[in-house]
Amino acid sequence: MSSPSEPAEPARAPTGVIHDLGYRPYAGPRLGERAVAWSFFLTGLRNTFGLGRSGRSKVLPMGLFGVMLLPALILVGVLVQAKDLLGLDAQIVPYSTYPLTTQLLISVFVAAQAPVLISRDLRFRTITLYLARPMRRTVYVLVRLASLAAGTFVLIASPLLLMYAGGLLADLPVGRETTRFFGAVVGAALLAVLLAGLAALVSALTVRRGMAVAAVIVVLLVSYTVVASIQGISVATGNETVGEVAGIFSPYTLVNGVQHYLFDSPRATPAPPSSDAMGLLYVAAVVVMAGGSVVALIARYRRVSP
Amino acid sequence: MSVVSRPVRGPVSRTVVRLGARSLFGRWRGVLLFVLPLVLVGLAVLVRALVGEDQDSAEAVVYNLGLAVVVPLVALLATSGLLASEIDDGSIAYLLAKPVSRYTIVSSKLVVALGSVLAFGAVPMGMAGLVLLPGSPSFALGFFLASLLGGAAYCAVFSWLSVLTRHAVVIGLIYLLIWEGLLGGLLDGIRWLSITRWSSEVVDWVASTELVDDLPLTYALIALVGVFVLGVRGTARRLQGFNLTGDE
Amino acid sequence: MTEIRIDHVSRWYRNVVAVNDVSMTIGPGVTGLLGPNGAGKSTLIALMSGFLAPSTGTVTLDGEPLWRNEKVYRRIGLVPEREALFDYLTGRQFVVAMAELHGLADAGAAAQRALAVIEMTDAQDRSISTYSKGMRQRVKMASALVHDPEVLLLDEPFNGMDPRQRIHLMELLRTMGAEGRTVLFSSHILEEVEQVARQIEVVVSGRHAASGDFGAIRRLMTDRPNRFVLRTDGDRLLASVLLGDASVRGVRLRSEGGIEVEASDFGRFSLVLPRLAREHGVRLLEVTPTDESLESVFAYLVSS
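These numbers come from a predicted model, not from an experiment.

When its secondary structure is counted, chain B shows 9 helices and 0 strands. Secondary structure elements in chain B, listed N-terminal to C-terminal, are α-α-α-α-α-α-α-α-α. For 248 residues, the compact-globule estimate of 2.2 N^0.38 gives 18 Å, and chain B sits close to it at 19 Å. Overall, chain B is about 70 × 35 × 30 Å in size when its C-alpha atoms are taken along their principal axes. For chain B, the residues scored as buried account for 55% of the 248 residues in total. A separation threshold of at least 6 residues defines the contact pool for chain B, and within that pool the share at least 24 residues apart is 74%. As displayed, chain B has an accessible area near 9,800 Å², and 65% of this comes from carbon and sulfur atoms.

In C-alpha cells:
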C-alpha cells in the first residue's frame, strides 16, 4: 500500500498520514486466574442446561428440569387446594424423599450432561487450549466438577423450593418447614456433589459420549437396585445392619441415610442408619466418596498430555 | 501378481468373528462385561447367606436384577462394542468394502455377541439360580434358557438400532429404562411387546414360577424368534445400502 | 477396459448440494481429482466406492451399478481418508484379515506381498495404535492392494506423509497406472497431482469444472490472456513495440528488470514476438510462460 503522493514543491512538508487500522494487540488489563476460573464456572453451569449452546442440546436438560418440577407442582397444588379436605398437615412427599423418588430423572440428567462438560474436551482435544491458558490443570478439573455439581444441585433443589413455597402458601408451620427444607437442601447439595463426582470420573475415563452416558446410568441404576434388594431382604430377615451398610453403596440411599441421621428427616429406605456409629459411618462415607472422586479425577487429568 | 479371489460363502465368516472377539475383549470394554455378572452372582451369594433358600428372594434377585437388568445390559454392551463403535469411527468401512454378504457380516458379529450373552449373561444367571435355590435346578435352568433367548432377541434389536442411528447406546438405554423398566412395571399390556416378559414366560414354563401372567408360551417363543430374525434382517438390509460419508 | 462412469450424478442432503450434475469417465491410468476443500471430492469418491447413493444419476463400473452391490468390491480397492483403523490389531493381522475377507486362497502370502510393496515389513508386527499417520496410510494402501484390484480409489492419500513416503507413493501410483489399472486419487495439493496424474478432473463447489490434461485445459481458457515474463537487453523498447501489436493486451515493466506481457492471442503472439525483437534489434534472453501451470489453471477455475 503506497502512501499518498507528495506535492511537487520540496519546501512543503508532507501532510499525508496512514491510519493503522489493522491488527491491534490487546493492551488492557488482564484479569487473574480467579476471574478466569469464575467465568469458566459460569459457562460450565450454563452449558449444563444447554444455555449458550445449540437448540438441540437444550432439549434434554430443560425437558428433565421441567419433568422434575411437574410432580412437585402437582403435589403443591393438591396440598394447597385440598389441605383441609384431606387433613394434611405436612408435605405429601417429604422434602428428603423427593430426590429418591425422582432418582431416575436425576441419574439421566447427570449421565447426559457430564459427558458434555468432561468427555467432549478430552475426546476432541480442546483441553489443550484450556491448559494453555492461565488456569491451572487442577483448577480446570475442580471448576468443571463444580459446574456439573452446581447444575445438578439446581435440578434437585428447584422442586424442593417449589414445595417449600407451596407449603408456605398452604399455611404449614413456617419454622418447621424451614428447618426441614434446609435439611433437604443440604442433602441435595451432598447428593449433587456425589453424583457429579461419580459421573465426571466415569466420563473422564470413557471419553466416548454414548458409552459414558450408558456407563453412568448403569452404575447408578444397578447400584440402587442391588442396594434396594439387599435392604429389603435384610429387613425382612431381621439383619438390619447388613442393610444399613449396604445403603452406603448407592448415592441416593447414602444421602437419604445422612439426612435421616443428621436432620431426623423421615426415612425413605427400609434400612436407614439406626445408631450413632452407623450415622457417622454414613457421613464419613460421603466425605470419602466425594473426596475420592475428586482425587481420582485430578489424577486422571494428570495423565492428559497438553 | 495374480491372486485367486474366492467368493466368501457361508453364513458366518471366521475372520469377522475373530475381529469381533478381539475388538470386544482386547479392550477395556471387556472388563465392564465381567463386572455385571460378578455383581449378580455376588448379590446371589449375599442373599443366600442372609436368607437361606427362599423362593421369593431368589426370584427377586434373579429376575429383577438378572433378567431385567444384567442380561439386556450385557447384550447392549456387547452389540454396541461390535457394531455401534465401528460405525461411529468408520472402521466398518473395511468390512463393508469386501465381497462379503452383509448377512454374513451381521451374523458373524452376532455370533460373538451371543457368545458374550452366554458367557456373561446366561451362565452367571444359571450360577446365581443354583446358588440361591440349589434344591430346584429347574429354576436355574429356566433362567439360563430365558437369558439366552431374551439376550439373543436384545442383541438383534440393538444391532438394528446401531445401524439406524448414531445414538444407539443412549436410545437402547432409554428403551430399556422406560419401556421395559418403568412402563413394563406399571402397565400389564406391555407384556405383549416386551422382550423381558417373553423370556419370563420361558422361565415360567421351565421352572413353574409365576413371573408373568396370561402370556401364552407359543406367543412368547414365536415373538422371541421373530424379533431375532427381523432384527438380523433389518441390520443386514441397512448395511447393504450404507451411507458412510456424506450425511454429516 | 475398466471404466467408472459417472452419469449426470447429483447428491444432495437436505438443502446442501454436495455434487451438482457431474458427469465424468475414469479410465485406466492415473486420474487426479482436484478441488478445494469442501468441493465434493470425498463425496464423489464415496459415490464411486459404493458407500453413497446418488440422489439422481447413475454411477457404474463397466456398466455394473456400485450401490448395494458387494460383489463389485472384488475389483475395487479403497483407501479411505478418515475412517479409523482397527487399533487393536498389528499391521500384519489387519492386512491378513482383509485378505481373508476377500476370499484369497493364501491370505498370508498375499498380505506379505502387499506389505512388502508399501515397505511396511519391519513394522508389521507392531500394534496399529503405535503407528504414525504415514504408516497408517501405508497399511490402508496394503489392505487395498492385497487382492490385486483393477480399480484403486484413494481419498487424499498423501495426507500426513513425509517427503520420502510421498515420493514412494507417487512412484507406486504411477506403476499401478502403467500396469493398466484405473487409479483415482483426490487431492487439493497441486504439486502432487501435477507429478502423478495424466488426467485431471477438477471439481469446484460440487460442479465439474474441467477435465483433461492441464496444459490442454489452459489453452481452452481463451478468455484469460496468457502471461509471459521476458528478459531482454532492451526492455523499454520492446515493451513499447509490443504494445503496438493487436495480440498484446498489456505490458508491464518489472522493477527488477524484465517485462510482463499479457497476450490475448497466444498463437499470434508467439509469431509476432521473435519478429518484432529481431526488427528492433532487441535480444531475447528468456521467455517464460508464467501461468501454464496447474496452480494458475486451478486459480482461474476456482475464482470464476
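Turning next to the environment of B:Gly184. Residue and element names in this part refer to chain B. Assignment of secondary structure puts Gly-184 in helix 7 (residues 168–186). Judged by its relative accessible area of 8%, Gly-184 is buried. Excluding residues within four positions of it along the chain, Gly-184 makes contact with Ile-178, Trp-179, Ile-190 and Arg-197.

Residues and elements named next belong to chain C. Applying the stated criterion across every chain, the model contains 23 salt bridges over all chains. Glu-171 is the partner of Arg-174 in a salt bridge, and the nearest nitrogen-oxygen pair spans 3.0 Å. Note that Arg-174 and Glu-171 are positioned in helix 5 (residues 163–178) at a spacing of 3 residues, about one turn of the helix. Members of the salt-bridge network, linked through shared partners, are Asp-62, Glu-64, Arg-75 and Glu-150.

With that settled, the discussion passes to the sheet that holds strand 1 (residues 4–13) of chain C. All names here are of chain C. Pairing in this open sheet of 4 strands is antiparallel, and the strands run 2-1-4-5 from one edge to the other. Each edge of the open sheet carries a strand with a single partner, namely strand 2 (16–26) and strand 5 (64–65). In this sheet, strand 4 (residues 56–61) lies alongside strand 1 in antiparallel orientation, the contact comprising 5 bridges. Pairing of Arg-5 across the sheet is with Thr-60, part of strand 4.

Attention shifts here to the interface of chain A and chain B. Listed as interface residues are 23 residues of chain A and, on the opposing side, 25 residues of chain B. A combined buried area of about 2,000 Å² lies between chain A and chain B, and 82% of that area is made up of carbon and sulfur atoms. Contact with chain B buries area across many residues of chain A, yet A:Arg208, A:Met211 and A:Ile233 alone supply 27% of it, more than any other trio. Between the two partners, chain A and chain B, sit 1 salt bridge. Applying the counting rule to chain A against chain B returns 1 residue pair in polar contact (both at pLDDT 80 or more). Sort the elements by how many residues they give to the side of chain A that touches chain B and helix 9 (residues 209–237) of chain A lands first, with 16 residues.

Strand-to-strand pairing in sheets goes through backbone hydrogen bonds, with the strands running parallel or antiparallel. Residues and elements named next belong to chain C. In space, the 6 strands of this open sheet follow the order 6-7-8-3-9-10, with mixed pairing throughout. One side of each edge strand has no neighbouring strand; the edge strands of this open sheet are strand 6 (76–79) and strand 10 (207–212). Between one strand and the next, the sheet's axes are offset by a mean angle of 15°, whatever the strand orientation. In the sheet, strand 9 (residues 199–204) pairs with strand 10 via 5 bridges, with the strands oriented antiparallel. What sits directly across from Glu-201, in strand 10, is Ser-211. Sheet contacts for helix 4 (residues 133–145): strand 6 and strand 7 (151–155); angle to strand 6, the most-contacted strand, approximately 170°.

Often, the extent of an interface is quoted as the loss of accessible area on bringing the components together. At the interface, 40 residues of chain B touch 40 residues of chain C. For the chain B and chain C pair, buried surface summed over both sides reaches about 3,700 Å², with 60% attributable to carbon and sulfur atoms. Our count for the chain B to chain C interface comes out at 5 residue pairs in polar contact (both at pLDDT 80 or more). Secondary-structure elements contributing two or more residues to the side of chain B that touches chain C are helix 1 (14–25), helix 3 (55–89), helix 4 (93–96) and helix 9 (217–240) of chain B. The element best represented in the side of chain B that touches chain C is helix 1 of chain B, accounting for 6 residues. Among the residues making up the side of chain B that touches chain C, the classes are represented as 16 nonpolar, 13 polar and 11 charged.

Turning to the packing of aromatic side chains, a few remarks are in order. Summed over the entire model, instances satisfying the criterion amount to 24 aromatic pairs over all chains. Where B:Phe34 meets B:Phe120, the ring centres are 4.9 Å apart and the plane angle is 80°; that geometry is what we call edge-to-face. Separated by 86 residues along the polypeptide, B:Phe34 in helix 2 (residues 29–51) and B:Phe120 in helix 5 (residues 102–132) bring together distant segments of the chain. A relative accessible area of 9% places B:Phe120 in the buried class. Three or more aromatic residues link up through ring pairs in this structure, and these residues are A:Phe40, A:Tyr130, A:Tyr140 and A:Tyr301. Sitting above the plane of the A:Tyr130 ring, A:Arg144 keeps its charged end 5.7 Å from the centroid.

Space inside the second largest pocket adds up to approximately 640 Å³. Lining of the second largest pocket is provided by 24 residues; of these, A:Leu198, A:Val218, A:Val219, A:Ser223 and B:Val35 occupy positions nearest its centre. Taken together, the elements giving at least two residues each to the lining of the second largest pocket come down to helix 8 (174–206), helix 9 and helix 10 (240–246) of chain A together with helix 2 of chain B. If you tally residues by element for the lining of the second largest pocket, the top one is helix 9 of chain A, at 8 residues. Taken together, the residues that form the lining of the second largest pocket break down as 22 nonpolar, 2 polar and no charged.

Residues and elements named next belong to chain A. A cluster of nonpolar side chains, Leu-70, Leu-73, Ile-74, Val-78, Leu-85, Leu-86 and Ile-92, forms an exposed patch at the surface whose accessible area comes to about 680 Å². Its place among the elements puts Leu-70 in helix 2 (residues 56–86). Overall, Leu-70 belongs to the partly exposed group, its relative accessible area being 47%.

With that settled, consider a positive patch on the surface. Together, A:Arg56, A:Arg209, B:Arg166 and C:Arg14 make up a positively charged patch on the protein surface. You can see A:Arg56 is positioned in helix 2.

Bringing the packing of helix 7 (residues 137–169) of chain A against helix 12 (residues 276–302) of chain A into the picture now. All names here are of chain A. Contact geometry for helix 7 and helix 12: axes closest at 10 Å, N-to-C directions at 130°. The orientation of helix 7 relative to helix 12 falls into the category oblique. The two elements helix 7 and helix 12 meet at a crossing, and its hand is right-handed. For the pair helix 7 and helix 12, contact is made by Arg-137, Thr-138, Tyr-140, Val-141, Leu-142 and Leu-145 and by Val-294, Leu-297, Ile-298, Tyr-301 and Arg-302, respectively. Each residue belonging to the contact of helix 7 with helix 12 can be placed in one class, and the counts come to 8 nonpolar, 1 polar and 2 charged.

Take the arrangement of the chains next. Where 2 pairs of chains are in contact, the pair with the most contacts is made of chains B and C. Nowhere do chain A and chain C come into contact; their C-alpha atoms are at least 14 Å apart.

Per the domain assignment, the segments of chain C are domain 1 (4–218) and domain 2 (221–303). Computed over C-alpha atoms only, the centres of domain 1 of chain C and domain 2 of chain C are separated by 40 Å.

Conventions used here
- Residues numbered from 1 in each chain as written.
- Chains lettered and ligands numbered in written order.
- Predicted model: local features only at pLDDT ≥ 70, side-chain atom pairs only at ≥ 80, totals over all residues.
- Heavy atoms only, no water.
- Helix = DSSP H or I, 4+ residues; strand = E, 2+ residues; numbered from the N terminus.
- Rg over C-alpha atoms; globule rule 2.2 N^0.38 Å.
- Buried < 20%, exposed > 50% of the residue type's maximum accessible area, 1.4 Å probe, protein only.
- Contact = heavy atoms within 4.5 Å.
- Areas by Shrake-Rupley, 256 points an atom, 1.4 Å probe, with all protein chains shown as cover.
- Salt bridge = Lys/Arg side-chain N within 4 Å of Asp/Glu carboxyl O.
- Pairing = 2+ DSSP bridges.
- Buried area = accessible area lost by both parts, 1.4 Å probe.
- Polar contact = N/O pair within 3.5 Å; in protein donor to acceptor, adjacent residues only side chain to side chain.
- Axes fitted to C-alpha atoms, helices over the stretch in contact; angles between N-to-C directions.
- Nonpolar A, V, L, I, M, F, W, Y, C, P; charged D, E, K, R; others polar.
- Phe/Tyr/Trp six-rings, centres within 6.5 Å; stacked < 30°, edge-to-face > 60°.
- Lys NZ or Arg CZ within 6 Å of the ring centre and 35° of its normal.
- 1 Å grid on protein atoms, 1.4 Å probe; cavity = no way out; pocket = protein on both sides within 12 Å on 5 of 7 lines; lining within 4 Å.
- Points joined across faces, edges and corners; volume = space filled by probe spheres on them.
- Patch = residues over 30% accessible without salt bridge, like charges linked within 9 Å, V, L, I, M, F, W, Y side chains within 5 Å.
- Lys, Arg positive; Asp, Glu negative; His and termini not counted.
- Charge placed at Lys NZ, Arg CZ, Asp CG, Glu CD.
- Parallel < 35°, antiparallel > 145°, perpendicular 65-115°, else oblique.
- Left-handed = near helix turned anticlockwise from the far one by under 90°.
- Domains from an automatic or database assignment.

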